[in-house]
Amino acid sequence: MSKFNILKKEEFVPNFYKLDIKVPGIAKKAKAGQFILVMVDEHSEKIPLTLLDWDEEKGTISFIVQELGLSTSKMAFMEEGDCFYSIVGPLGEPAYLDNFGTVVLGGGCYGVGAVYPIAKKLKELGNIVITIIEAKNENLLYYEEEYKTVSDEVILVTTDGSKGERGHIYDILDNMIEVQKREIDHIKVIGCNVMMSKVSKLTKEKGGIPTYATVTTIMVDGTGMCGSCRLSYDGKTKFACVDGPEFDAHKIDWEELIHVRNTSYITEETLGLQNFSPECRSLAKFLERTKEEETS
Amino acid sequence: MKSKERMQIPFTDMPTQPPQVRARNFREVPYGYSEEMAIQEANRCLNCKKPKCVDGCPVRVPIPEFIALVQEGKFLEAAWKIKERNVLPAVCGRVCPQESQCEGLCVRGKKGRSVGIGNLERFVADYERLTGQVPEPERVRKNGKKVAIVGSGPSGLTTAGDLIQQGYEVTVYEAFHLGGGVLVYGIPEFRLPKSVVQYEIQNLENAGVKFVYDSVIGRIRGIDELFTEDGYDAVYIGVGAGLPVFMNIPGENLQGVYSANEYLTRSNLMKAYLYPKYNTPLLTGKNVVVVGGGNVAMDSARTALRLDADNVHIVYRRSREQMPARLEEIHHAEEEGVQFKLLSNPVEIMGDEKGRIESIRCQRYQLGEPDKSGRARPVPIDGDYFVLNTDLIIIAIGNKANPLITMTTPDLEVNKWGNIVTDEMGRTSKPHVYAGGDIVTGAATVISAMGAGRRAATAIHEDLFPQVEETPESFGVPKGSLELKHAAIYPNTVYLKLNIINISDKDLDQVKIRVSHVHEFFETTMLEKTVPRWSPGEEHELDCPRIDKNEKEYLLTINDLHGKIMSKIIVANDVKK
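Here the structure is a predicted model, which is why all the values come from computation and not from measurement. (Residues numbered from 1 in each chain as written. Chains lettered and ligands numbered in written order. Predicted model: local features only at pLDDT ≥ 70, side-chain atom pairs only at ≥ 80, totals over all residues. Heavy atoms only, no water.)

Visitor: What is the right way to look at the overall build of chain B in this model?
Guide: A tally of regular secondary structure across chain B gives 19 helices and 22 strands. Split into buried and exposed, the 577 residues of chain B put 56% on the buried side. Sequence separation of 24 or more characterises 66% of the internal contacts of chain B that already satisfy a separation of 6 or more. Here chain B displays about 24900 Å² of accessible surface, and carbon together with sulfur accounts for 50% of that area. (Helix = DSSP H or I, 4+ residues; strand = E, 2+ residues; numbered from the N terminus. Buried < 20%, exposed > 50% of the residue type's maximum accessible area, 1.4 Å probe, protein only. Contact = heavy atoms within 4.5 Å. Areas by Shrake-Rupley, 256 points an atom, 1.4 Å probe, with all protein chains shown as cover.)

Shown next as structure tokens:
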């Protein structure tokens, strides 16, 4: 079953991989802000990944993987031609898009890529798009050139100041609002929950500029069946997989999401990663291949 | 054997793993009958003239017939007999609530134990599977119509099985990477081995059903697109309930609180019980609290025991008699050491500073006046609370309708709870779209979903081929080649006389004549006669002694090797004596 073949794999910065896979059904229906659920092999977890790009004609989809836990480490060891066991999508509601006026997009970690289709679409809708991308240092910044084609302004920010501004997305936003007195009509952020919660806190304090965040949660089925991805939103329980993943950031209970819901499996995740030995995997692959050669 | 002798045979219990042993493993609890046990149990069946058991079965399995075959030791034939009406016998034998269906109506149950119909069904289905003597799927001539089935749970599989036998091209879309729906994600291995489900799906595949996994209809394809782009002639929606109900009490989002759906999906479908070989983690607890009194609650509680819990409490709002779970499951859970806190309901979940749960506070209830459903209503007792220390809570209080499909198909009528509205045959408000199972009824049983799937298959066939009485050209037999010359139903006697004349100009091979009751969309065959060769002009007379006087309508169907030639409803009132 060569259903979900990797056509292309690229490591553009350390530990960040871009994978192109042929899934025509998803490529045809995907909309900016949606995600897929991926299983590497029969034994894997199902993990959600935001779509980076898709090509309806070629029937391909692309997504970015940040090597972090067990499943993403497995992906890092996959090669072109290897197959995923299962890919389901497109899932979730598309991002809220309109002609807002001036839009600031913030992307950190995996979100640097995930913001891209949204920027593209917002630009098409006639917005003035300002994209801020954040990384720890210059070696981890990616997609800068691509963003230039879909943004009116691209601002780079690194924690150590090795490239662009020094600091974080919320520092840049703070500066734009307080010092530069820029008119911002809409903000969207994708990245780690901590970064997004800080942006949310900031914009809530500064007059409540509409801010939307694409939350990162733990999921199982992605169809609203299990409730693993639930979060408290405006006093109600919402499921990120079907009600989101994009939400009005000001209404999210960030404290609960970051410190309660998403840390449920810290021990298991760490253990899982420790049990995963790249050497074993590479060796298994080597043995498999030599066996194939022998038989042929 | 005389009835008196049959009455003296005691009920044959199915041997099971001892409770202390099985509570620590995921292997199936009962071992199943041996051949001798099956025959002995089958011999308890009195083969009633008016078998009540069949009325209790939502798909009307010919129960006395298959049991008679078991009595003769014809196990394979018995399995095939069941399969005429039920495509998933190995599943139903294990998970049907027989005590409130077939076995509940068995006459032997009035005095002592009813016949172990479920056990026997399970035995013959397993016999067929384990001996590998599966008949070649019948080659059916394609009728040129395509049907899409959304969801591969029990109702979808039944619809698929029925339609493929009628010559449809059938494709089943499944959101998960494995087929079976609730049979794989919901029901644990120790109650329904996944190999059994896999086997049933394989059989359907062999018969020609196509399965498309990893496809969430409503997202990757809308219902309308299935018609316009993929060219389906009908769509059946059998997606299940699939939206967990939470209690809306403080602390429900703390770490260690699962919906039963999540807990069971992680354990069953993602095989978290084999962690870390399978990577999906599952929080385990030493003191587990399961909220709810249905089968799902029992499954969750027993899974928790097998994952090394020391104490498992089931907290249920009503009394033991009112628990909706199968009797056998409650019994098994109790044997394995699950403790019941009845007439109690959680009001708050307390956690530590890290967001991990620590305890659950429950309020005691008492039974009050009966409510609309006739069950005594549980009423909270003011100020009567108790606290259970816990590190894992599983909420199993039911499911609402998952809105994924209805949300993306605005012209599909739903009721105020979000369930799809259908007529009794499963027709929705949208032409050529049918629905059945939990998405229509709300959470119910496997077998009732299968009944709905069967009715929808009938409706699909009726709607796509509206005039079944007419001889389809493709069968190669000219129209009107058979004529029903005389039919007489005597109101006060129990005989049906039919004279049938063959006015075809050529011989017909292997003609099957069947007379059946048409009863709530199900057929019960009363007589089936095979005529090996039927020459032009030849008349056949049928006597049909097993007639129920109360029935007003009979269906007469005549097939030959190539398919249906004629079917006609005979109405008692129309026939003069």
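Visitor: Explain unusual backbone geometry here, please?
Guide: Among all residues except glycine, the phi angle is most often negative; among peptide bonds, the trans geometry is most common. Cis geometry marks the peptide bond from Gly89 of chain A to Pro90 of chain A, where omega comes out at -10°. Relative to the assigned elements, Pro90 of chain A resides in strand 7 (residues 86-91). In this structure, Pro276 of chain B follows Tyr275 of chain B across a cis peptide bond, with omega equal to 5°. Following the sequence through the fold, Pro276 of chain B ends up in the loop between helix 14 (260-269) and strand 7 (287-291). A positive phi angle is found at Asp234 of chain A, which is not glycine, with a value near 55°. By the element assignment, Asp234 of chain A lies in the loop between strand 14 (230-233) and strand 15 (236-239).

Visitor: I tried to follow the pairing of strand 7 of chain B on my own but got confused; where do I start?
Guide: Along any regular strand the residues' side chains alternate between the sheet's two faces. Residue and element names in this part refer to chain B. Most of strand 7 is tucked away: 4 of the 5 residues are buried. Read from strand 7 through helix 15 (residues 295-306) to strand 8 (residues 311-315), the crossover connection turns out right-handed. As paired elements, strand 7 and strand 13 (residues 392-395) share 4 bridges and run parallel to each other. Note on strand 13: the bridge partner recorded for Val290 is Ile394. (Right-handed = clockwise from strand over helix to strand, strands pointing away. Pairing = 2+ DSSP bridges.)

Visitor: Any chance you could explain the sheet that holds strand 2 (residues 169-173) of chain B here in plain terms?
Guide: Sheet strands associate in pairs through backbone hydrogen bonding, adopting either a parallel or an antiparallel arrangement. Residue and element names in this part refer to chain B. Here 5 strands make up an open sheet; going across it, the order is 3-2-1-4-15 and the pairing parallel. Edge positions in the sheet fall to strand 3 (210-212) and strand 15 (433-435), since each of these pairs with one other strand and no more. On average, each strand axis in the sheet is inclined to that of its neighbour by 20°, with strand direction left out of account. Pairing of strand 2 with strand 3, which is carried by 3 bridges, proceeds in the parallel orientation. Within strand 3, the position partnered with Thr171 by the bridge is Lys210. Contacting strand 1 (146-150), strand 4 (234-237) and strand 15, helix 19 (residues 446-464) crosses the sheet at an angle of about 165° to strand 4. (Axes fitted to C-alpha atoms, helices over the stretch in contact; angles between N-to-C directions.)

Visitor: Looking at this structure, I do not really get the interface of chain A and chain B. What am I missing?
Guide: A common way to express how large an interface is: the accessible area buried when the components associate. Taken together, the contacts link 51 residues of chain A with 44 residues of chain B. Both faces considered, chain A and chain B share a buried interface measuring about 3700 Å² in area, 53% of it formed by carbon and sulfur atoms. If you look at where chain A meets chain B, you find 4 salt bridges. When the shortest N-O distance is used, the salt bridge between Glu229 of chain B and Lys28 of chain A registers 2.6 Å. The interface formed by chain A and chain B contains 22 residue pairs in polar contact (both at pLDDT 80 or more). (Buried area = accessible area lost by both parts, 1.4 Å probe. Salt bridge = Lys/Arg side-chain N within 4 Å of Asp/Glu carboxyl O. Polar contact = N/O pair within 3.5 Å; in protein donor to acceptor, adjacent residues only side chain to side chain.)

Visitor: Can you walk me through the packing of aromatic side chains in this structure?
Guide: For any pair of aromatic rings, the description consists of the separation of the ring centres together with the inter-plane angle of the planes. All names here are of chain A. A complete count under the given rule lists 22 aromatic pairs over all chains for this structure. On the numbers, 6.1 Å between centres and 70° between planes, the contact of Tyr143 with Tyr147 is edge-to-face. Here Tyr143 falls in the buried class, since its relative accessible area comes to 9%. Measuring from centroid to centroid gives 5.1 Å for Tyr233 and Phe247, while their planes differ by 50°, and the two rings are tilted. One end of the pair, Tyr233, is in strand 14; the other, Phe247, is in strand 16 (residues 246-248), and 14 residues separate them in sequence. Across this residue pair, the class does not change: Tyr233 and Phe247 are buried. (Phe/Tyr/Trp six-rings, centres within 6.5 Å; stacked < 30°, edge-to-face > 60°.)

Visitor: I tried to follow helix 7 (residues 193-205) of chain A on my own but got confused; where do I start?
Guide: Side chains three or four residues apart in an α-helix point the same way, a direct result of the helix having 3.6 residues per turn. Residue and element names in this part refer to chain A. Here helix 7 contains 13 residues, and its C-alpha end-to-end distance of 18 Å stays within 8% of the 18 Å for a straight helix at 1.5 Å per residue. Looking only at helix 7, the buried set comprises Asn193, Met195, Met196, Ser197, Val199, Ser200, Leu202 and Thr203. Each element contacted by the buried residues of helix 7 is listed here: strand 8 (102-108), strand 9 (128-135), helix 6 (169-178), strand 12 (186-190), strand 13 (211-214) and helix 9 (254-259). One or two positions beyond helix 7, positive phi appears at Gly207, with a value near 85°. (Expected span 1.5 Å × (residues − 1).)

Visitor: I keep staring at the pairing of strand 8 of chain B and nothing clicks. Help me out?
Guide: All names here are of chain B. Counted residue by residue, strand 8 has 4 buried out of 5 residues, so it is predominantly covered. Strand direction decides the pairing type here: strand 8 and strand 9 (residues 339-341), joined by 3 bridges, are parallel. Looking at strand 9, one finds that Val315 is bridged to Lys341. Traced from strand 8 through helix 16 (residues 327-336) to strand 9, the parallel crossover comes out right-handed.

Visitor: Just checking my understanding: could you explain the environment of Ser267 of chain B for this structure?
Guide: As for its position among the elements, Ser267 of chain B is in helix 14. Setting aside residues up to four positions removed in sequence, Ser267 of chain B forms contacts with Phe26, Ala272, Tyr273, Leu282 and Thr303 of chain B.

Visitor: Explain the state of the cysteines here, please?
Guide: Each disulfide is one covalent bond, formed between the sulfur atoms of two cysteines. Residues and elements named next belong to chain B. Under the criterion given, the structure shown has 0 disulfides over all chains. Not engaged in a disulfide, the cysteine Cys92 finds its nearest cysteine sulfur in Cys96; these two sulfurs lie 4.2 Å apart. Take Cys92: its relative accessible area is 0%, and that puts it in the buried class. Cys96 sits in the buried class, given a relative accessible area of 6%. (Disulfide = S-S within 2.5 Å.)

Visitor: Just checking my understanding: could you explain the packing of helix 15 of chain B against helix 16 of chain B for this structure?
Guide: All names here are of chain B. Contact pair helix 15 / helix 16: the axes reach a minimum separation of 10 Å and the direction vectors enclose 25°. One way to sum up the angle between helix 15 and helix 16 is to call them roughly parallel. In the packing of helix 15 onto helix 16, the handedness of the crossing is left-handed. In contact with Asn295, Met298, Arg302, Leu305 and Arg306 of helix 15, helix 16 contributes Glu329, Ile330, His332, Ala333 and Glu336. Across the contact of helix 15 with helix 16, the residue classes tally to 4 nonpolar, 2 polar and 4 charged. (Parallel < 35°, antiparallel > 145°, perpendicular 65-115°, else oblique. Left-handed = near helix turned anticlockwise from the far one by under 90°. Nonpolar A, V, L, I, M, F, W, Y, C, P; charged D, E, K, R; others polar.)

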